[in-house]
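Secondary and tertiary structure notes
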Number of protein chains: 10
Amino acid sequence: MNRNDVTEMIIEAKVRKGLKWEAVAERVGQSKEWTTAACLGQMTLTEQQAATVVEIFGLPPEAARWLQVVPYKGSLPTAVPTDPLIYRFYELVSVYGTTFKELIHEEFGDGIMSAIDFRMDLQREADPKGDRVSITMSGKFLPYKTY
Amino acid sequence: MNRNDVTEMIIEAKVRKGLKWEAVAERVGQSKEWTTAACLGQMTLTEQQAATVVEIFGLPPEAARWLQVVPYKGSLPTAVPTDPLIYRFYELVSVYGTTFKELIHEEFGDGIMSAIDFRMDLQREADPKGDRVSITMSGKFLPYKTY
Amino acid sequence: MNRNDVTEMIIEAKVRKGLKWEAVAERVGQSKEWTTAACLGQMTLTEQQAATVVEIFGLPPEAARWLQVVPYKGSLPTAVPTDPLIYRFYELVSVYGTTFKELIHEEFGDGIMSAIDFRMDLQREADPKGDRVSITMSGKFLPYKTY
Amino acid sequence: MNRNDVTEMIIEAKVRKGLKWEAVAERVGQSKEWTTAACLGQMTLTEQQAATVVEIFGLPPEAARWLQVVPYKGSLPTAVPTDPLIYRFYELVSVYGTTFKELIHEEFGDGIMSAIDFRMDLQREADPKGDRVSITMSGKFLPYKTY
Amino acid sequence: MNRNDVTEMIIEAKVRKGLKWEAVAERVGQSKEWTTAACLGQMTLTEQQAATVVEIFGLPPEAARWLQVVPYKGSLPTAVPTDPLIYRFYELVSVYGTTFKELIHEEFGDGIMSAIDFRMDLQREADPKGDRVSITMSGKFLPYKTY
Amino acid sequence: MNRNDVTEMIIEAKVRKGLKWEAVAERVGQSKEWTTAACLGQMTLTEQQAATVVEIFGLPPEAARWLQVVPYKGSLPTAVPTDPLIYRFYELVSVYGTTFKELIHEEFGDGIMSAIDFRMDLQREADPKGDRVSITMSGKFLPYKTY
Amino acid sequence: MNRNDVTEMIIEAKVRKGLKWEAVAERVGQSKEWTTAACLGQMTLTEQQAATVVEIFGLPPEAARWLQVVPYKGSLPTAVPTDPLIYRFYELVSVYGTTFKELIHEEFGDGIMSAIDFRMDLQREADPKGDRVSITMSGKFLPYKTY
Amino acid sequence: MNRNDVTEMIIEAKVRKGLKWEAVAERVGQSKEWTTAACLGQMTLTEQQAATVVEIFGLPPEAARWLQVVPYKGSLPTAVPTDPLIYRFYELVSVYGTTFKELIHEEFGDGIMSAIDFRMDLQREADPKGDRVSITMSGKFLPYKTY
Amino acid sequence: MNRNDVTEMIIEAKVRKGLKWEAVAERVGQSKEWTTAACLGQMTLTEQQAATVVEIFGLPPEAARWLQVVPYKGSLPTAVPTDPLIYRFYELVSVYGTTFKELIHEEFGDGIMSAIDFRMDLQREADPKGDRVSITMSGKFLPYKTY
Amino acid sequence: MNRNDVTEMIIEAKVRKGLKWEAVAERVGQSKEWTTAACLGQMTLTEQQAATVVEIFGLPPEAARWLQVVPYKGSLPTAVPTDPLIYRFYELVSVYGTTFKELIHEEFGDGIMSAIDFRMDLQREADPKGDRVSITMSGKFLPYKTY
């Protein structure tokens with residue numbers, strides 16, 4: 001057994017049991033964004049979180065240990081994603097990449113938006129012309145320093 | 001002259017004149033996010049917007065025509081970006097890609113978040129532990145339909 | 001079991017039972033284009049459509065659940081397809097890509113043809129010099145907007 | 001001078017003169033699809049077509065010869081296109097590639113749809129929910145033969 | 001079972017039984033070139049050809065159905081082949097690619113040599129300085145047409 | 001000046017002067033296949049052949065020296081060619097690669113067909129159903145030896 | 001003029017004037033590691049640092065502005081570096097990558113070593129068996145947080 | 001069984017038994033850096049070291065032999081690593097690659113820092129603003145020699 | 001069973017039995033270089049050589065047939081090898097590639113050094129400053145000919 | 001001017017003046033292998049060697065400085081070389097890569113053959129069946145050490 005096996009067991013159990021990520025998150029006690037990423041093998045769980053996940057999905061006991069191991073991150077099978085939903089995010093990076101760079105540097109100077117000290121929130125935004133996906137990202141600005 | 005030449009002239013003039021994107025956007029009458037992307041060769045300007053940009057940056061008159069031509073989009077020189085600031089956004093797609101997919105499908109069903117009917121807002125978020133970059137994205141949900 | 005397993009079971013059963021996609025589509029109640037894509041793991045089925053597909057191909061009951069899960073899309077093993085029939089479509093994108101771009105922008109302005117709000121119809125076109133494949137694609141035009 | 005130079009001169013002149021592909025096509029006496037592809041360096045012109053194109057765009061006389069030379073085809077700078085409009089067509093090949101294959105083989109047997117003995121027509125399709133891009137492709141079916 | 005499995009069974013049986021492609025081809029009633037490609041998963045067999053192949057190699061009965069299914073073509077594991085014998089053919093395309101292009105266009109105008117309406121013959125050519133491999137390829141010329 | 005410059009001068013002069021490769025070959029005194037490859041920067045010319053080529057295309061005198069220098073070979077800008085005519089040859093390697101391998105080994109044992117001690121002839125093959133391109137390749141068989 | 005031009009001017013002037021990075025760093029008032037990276041287009045200089053660099057290398061006045069612009073980072077022409085000295089560092093990442101991961105996670109838990117809040121020092125380490133290169137890297141540990 | 005199998009068994013046993021690399025290293029009698037790399041399949045163990053590792057992790061006896069075989073090195077699944085922790089090291093090579101090169105050549109002349117005659121030490125560096133990862137690398141300088 | 005399976009069985013048996021390639025070669029009656037390559041799936045064995053190899057490694061009888069089948073050559077999992085020992089050879093091709101080309105052409109004219117009619121010998125070269133690996137390669141020169 | 005410019009000037013002058021690498025090497029006082037690599041931008045020259053090279057090729061005086069700068073090494077435009085002569089060396093690495101690894105480890109244990117403390121000699125080997133290229137390489141063995 002390894003962490004990938006645990007991820008696949010979670011996905012399979014979720015489909016079999018008809019669970020919702022939002023409900024899983026509530027029981028784990030974290031946001032749905034972090035909880036989903038964690039269950040999909042991208043974050044590390046505490047002992048208690050792991051125990052909850054094992055129970056929710058009916059995983060074998062040793063899965064609890066694997067959920068507490070830091071995973072090898074990166075959730076996509078190809079460098080340029082083929083799935084249309086995920087590709088749109090890649091496209092945003094491609095089209096707006098230099099815009100992100102210009103505006104963050106204009107506001108903060110040289111440095112980056114952290115993808116580690118980071119949180120995000122994904123919501124439905126009602127709109128008469130068709131509802132919208134609204135995503136708010138917040139990452140700490142980390143300045144390059146001279147030395 | 002082509003659109004790339006115009007983009008390079010804009011970047012060069014911006015450095016030479018010490019302009020700010022926020023000020024450019026104000027004169028163009030659009031958000032700083034859209035305006036920056038447009039000046040960097042990713043969006044199409046109206047005749048009036050183009051005239052304003054030509055004036056701001058002191059571009060040659062024929063540049064106005066090129067700014068109204070739909071550009072070949074994609075602002076990055078490599079499929080996986082090397083610049084650390086831009087890479088962090090790529091990393092978010094890599095780490096959270098399947099999470100975006102799961103949560104949007106859970107909320108909306110099969111479909112995508114549009115990267116075309118899309119807007120975004122980038123702000124400084126004051127924080128005693130270090131200020132943060134806050135980005136709000138809003139894209140129309142487009143459902144796959146059967147036929 | 002995952003969605004790929006279900007796709008492989010469908011392909012295997014189709015060969016074993018000598019089924020036709022057109023007949024499958026008729027029973028599913030959708031076009032042959034959508035139905036084939038759905039059975040090949042690219043579209044999401046409703047509960048009733050899934051039940052029909054399970055019955056047609058004699059799949060195990062849990063396959064019905066997987067057919068209702070949004071799949072990770074992208075049906076090809078390599079970025080540039082090796083199969084000659086599929087490569088010809090890639091070649092059309094390569095040769096006519098900039099033509100599509102010029103003509104759609106000339107008619108509609110900046111924006112794209114949606115690959116989501118999309119339908120297509122593939123027919124035999126009788127021709128004395130050799131029958132032809134006729135494909136009609138229809139995708140909603142989605143304009144880029146300023147903000 | 002080479003064919004790429006001629007293509008760039010055509011693009012530059014088209015922007016400078018504010019020409020439309022449809023009008024160019026009418027004077028060349030071919031469809032707008034073929035004419036655009038030809039002007040963008042993907043097709044070969046006859047002596048008379050070349051003379052017309054040289055006149056329309058005000059090209060230097062030697063450009064006429066280059067327009068009659070068979071070009072090295074392929075209009076895109078990367079194997080996976082970055083421009084969102086063109087990418088959607090690549091996505092259609094990725095998502096529907098195996099569907100094209102299954103349905104053409106079901107109707108015609110083993111073989112391909114020719115991308116050479118091929119024509120296409122791109123039209124606006126009025127729709128109250130938003131106009132659509134309609135593309136009709138017609139390619140001769142070419143069967144694999146035993147020998 | 002899928003077509004790849006059948007191909008592997010054929011290769012394994014051929015080694016085990018010490019068969020020759022030429023003898024297989026004779027019984028199938030086609031050339032050794034077509035027959036080998038077909039057995040290696042690149043061509044589609046008729047019911048009778050499939051039955052013969054099943055018998056020759058002692059395949060399980062269901063293999064007969066798979067041999068009649070149009071395969072996903074492309075026989076090589078990498079875009080640039082590593083095997084020295086196959087690489088030499090890739091090298092010929094690399095070194096002589098533009099020569100093929102120039103000479104076919106000089107003789108026939110714009111178009112291609114079909115790789116579908118195609119046949120080939122491979123023979124030993126006796127030579128006192130060392131025997132040679134002689135390959136004759138014949139593909140229909142397909143002209144690009146205006147429309 | 002380097003060999004690539006000479007190749008471009010040759011291509012430009014050929015278009016400007018309306019020359020045919022067959023006529024060039026006759027004056028050079030070699031086959032049209034070898035001569036074309038040589039003029040396109042893939043083969044090395046003797047002093048006399050170089051002088052003839054310089055005269056035919058009206059090249060500057062120093063070009064004669066470059067034509068006698070062994071070129072860095074490989075005539076294509078991408079590993080998988082985008083031009084449809086050249087791609088068909090790549091496709092033949094992809095589809096028939098393992099067939100070439102099997103049949104050459106069956107006839108000759110382990111070894112390769114030389115791409116160096118190689119000659120080829122390209123001819124029009126009249127055919128009532130549409131003329132064909134006929135290519136005959138002859139390469140010395142080179143056996144692997146034990147040591 | 002752009003930042004790449006400035007980098008090339010610096011490299012050229014350094015060779016022409018026979019300068020040492022250590023001496024440049026002393027005048028800039030930062031470490032030789034940061035100063036070299038900054039001069040090679042990877043870091044952003046203050047107005048005063050830029051003025052010093054312009055003076056040291058005899059750059060044109062407008063270069064001072066470019067040195068204060070945040071550069072598009074990434075100093076290597078290929079994803080896997082070809083230069084042997086630089087490749088050895090890539091090899092260390094390849095061979096020790098999972099070791100870095102295991103040991104940092106064992107000591108700190110899930111998170112990363114910052115490449116932004118980072119400093120480094122490179123020294124000669126005298127050794128009778130042959131002097132050694134000694135590099136000390138120090139990067140802030142950034143923990144992943146739940147949210 | 002092969003070396004990869006042994007590596008996976010070690011990783012699995014480490015998780016199952018809750019072992020620490022530091023403790024493993026102590027029993028093996030080498031640094032934690034070398035020991036971890038060795039257990040992850042990048043270094044070769046002596047008979048005694050292998051026996052110790054087999055005992056610590058409870059491996060099958062034949063694993064001892066495999067641990068003494070020189071492994072095929074390279075611990076990452078992609079040329080550009082997707083894991084954020086490991087990517088930061090790749091980023092350091094990308095951003096500082098030319099700086100490493102300049103400074104080592106300035107100090108030592110032409111040559112490289114050995115990645116073979118190499119050792120490294122990874123420590124926690126306490127810091128009130130947040131603890132840091134401190135890595136000291138030491139590699140023998142190997143000069144290029146003329147001959 | 002296929003040739004790869006046989007290669008893996010050989011590698012596994014070699015480790016299990018503690019055999020040396022030199023001893024294997026002696027019994028096979030060929031050089032250690034050729035014999036090792038053959039056992040690693042890169043060369044074709046005669047019936048007698050195969051029988052010897054089957055006996056030495058205790059392989060199942062059918063392995064003998066596979067050892068006599070011409071293998072699909074290429075022993076490395078990636079185009080640029082990650083293993084440091086093998087990478088150094090790739091680096092030699094990268095650094096000295098154009099030097100090989102210049103010197104062989106200077107001595108022999110246009111052509112190549114055969115990698116087929118090739119032999120090589122690898123020896124320890126005693127040296128007080130540290131023993132050296134000495135490799136002697138000998139490949140027939142094959143001239144390009146005009147035709 | 002940069003090192004690449006100097007390399008191109010050397011190549012151009014060599015063709016123009018009809019020089020031989022062997023003669024250049026004699027005047028430089030090093031082997032023809034090292035001298036050629038140095039002139040092609042892969043090695044660093046001393047002041048005196050640089051002066052000799054400047055004189056031989058009639059380079060501008062500032063070229064002497066560039067020849068003494070350590071170059072960014074790697075002489076090939078693609079990761080897999082397209083030139084047939086150079087490709088054969090790549091093929092040797094591909095086919096014999098694991099053999100090199102096995103035999104060097106068998107003789108020396110874990111470590112590499114240095115590509116830095118390396119020399120090589122290329123000679124014509126007379127042979128009645130066709131002369132051969134003989135290359136002798138000698139690289140110091142560098143052992144991995146525990147720490």
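Residues numbered from 1 in each chain as written. Chains lettered and ligands numbered in written order. Predicted model: local features only at pLDDT ≥ 70, side-chain atom pairs only at ≥ 80, totals over all residues. Heavy atoms only, no water.

A word on the interface of chain G and chain J
- Each side of the interface is counted separately: chain G has 15 residues, and chain J has eleven residues.
- Taken together, the two surfaces of chain G and chain J that pack against each other cover about 1,100 Å², and 55% of this comes from carbon and sulfur.
- The largest per-residue losses of area from chain G upon contact with chain J belong to Glu12, Val15 and Asp83 of chain G, which jointly make up 42% of the total buried on that side.
- Where chain G touches chain J, the interface holds zero salt bridges.
- Of the residues in the side of chain G that touches chain J, the class split is eight nonpolar, two polar and five charged. (Contact = heavy atoms within 4.5 Å. Buried area = accessible area lost by both parts, 1.4 Å probe. Salt bridge = Lys/Arg side-chain N within 4 Å of Asp/Glu carboxyl O. Nonpolar A, V, L, I, M, F, W, Y, C, P; charged D, E, K, R; others polar.)

Description of the interface of chain C and chain D
- Contact residues are listed per partner, giving 68 residues for chain C and 68 residues for chain D.
- Buried area between chain C and chain D, both sides added, is near 6,900 Å², and the carbon and sulfur share of it is 65%.
- For the interface between chain C and chain D, the tally reads ten salt bridges.
- Among the salt bridges present, the one from Arg124 of chain C reaches Glu107 of chain D, with a minimum N-O distance of 2.7 Å.
- At the surface where chain C touches chain D, the tally comes to 34 residue pairs in polar contact (both at pLDDT 80 or more).
- Ranked by residues supplied to the side of chain C that touches chain D, first place goes to helix α6 (residues 84-108) of chain C with 24 residues.
- Across the side of chain C that touches chain D, the residue classes break down as 32 nonpolar, 15 polar and 21 charged.
- As defined by bridge partners, strand β2 (residues 132-143) of chain C adjoins strand β2 (residues 132-143) of chain D across nine bridges and the pair is classed as antiparallel. Residue pairing in the sheet places Ser134 of chain C in a bridge with Ser138 of chain D of β2 of chain D. (Polar contact = N/O pair within 3.5 Å; in protein donor to acceptor, adjacent residues only side chain to side chain. Helix = DSSP H or I, 4+ residues; strand = E, 2+ residues; numbered from the N terminus. Pairing = 2+ DSSP bridges.)

A look at the UniProt feature "domain: Cyanate lyase C-terminal" (unreviewed entry) in chain A
- Residues annotated by UniProt as "domain: Cyanate lyase C-terminal" (unreviewed entry) correspond here to residues 75-147 of chain A.
- Secondary structure within residues 75-147 of chain A divides into 34% helix and 37% strand; the distance between the first and last C-alpha atoms comes to 35 Å. (UniProt positions renumbered as here; feature names shortened; annotations may be inferred.)

Some remarks on the packing of aromatic side chains
- Enumeration over the complete set of coordinates arrives at 70 aromatic pairs over all chains.
- With 4.0 Å between their ring centres and 5 degrees between their planes, Phe100 of chain A and Phe89 of chain B make a pair best called stacked. Note that Phe100 of chain A is positioned in helix α6 (residues 84-108) and Phe89 of chain B in helix α6 (residues 84-108), a pairing that runs across two chains.
- You can call Phe89 of chain B buried: its relative accessible area is 3%. (Phe/Tyr/Trp six-rings, centres within 6.5 Å; stacked < 30°, edge-to-face > 60°. Buried < 20%, exposed > 50% of the residue type's maximum accessible area, 1.4 Å probe, protein only.)

Topic: the packing of α6 of chain C against helix α3 (residues 32-39) of chain D
- As a packed pair, α6 of chain C and α3 of chain D sit with axes 9 Å apart at the nearest point and diverge in direction by 120 degrees. Relative to α3 of chain D, the element α6 of chain C lies oblique. For the element pair α6 of chain C and α3 of chain D, the recorded crossing hand is right-handed. Of the residues in α3 of chain D, those touching α6 of chain C at Tyr96, Thr99, Glu102 and Leu103 of chain C are Lys32, Glu33, Thr36 and Ala37 of chain D. (Axes fitted to C-alpha atoms, helices over the stretch in contact; angles between N-to-C directions. Parallel < 35°, antiparallel > 145°, perpendicular 65-115°, else oblique. Left-handed = near helix turned anticlockwise from the far one by under 90°.)

Topic: the sheet that holds strand β2 (residues 132-143) of chain F
- Across the sheet, four strands lie side by side as β1(E)-β2(E)-β2(F)-β1(F); this open sheet has antiparallel pairing. Because the sheet does not close on itself, it has two edges, and the strands there are β1 (111-125) of chain E together with β1 (111-125) of chain F. Direction aside, neighbouring strands of the sheet carry axes that sit 20 degrees apart on average.
- Here β1 of chain E runs beside strand β2 (residues 132-143) of chain E; their pairing, made up of eleven bridges, is antiparallel. When the bridges of β2 of chain E are listed, Arg124 of chain E appears paired with Val133 of chain E.

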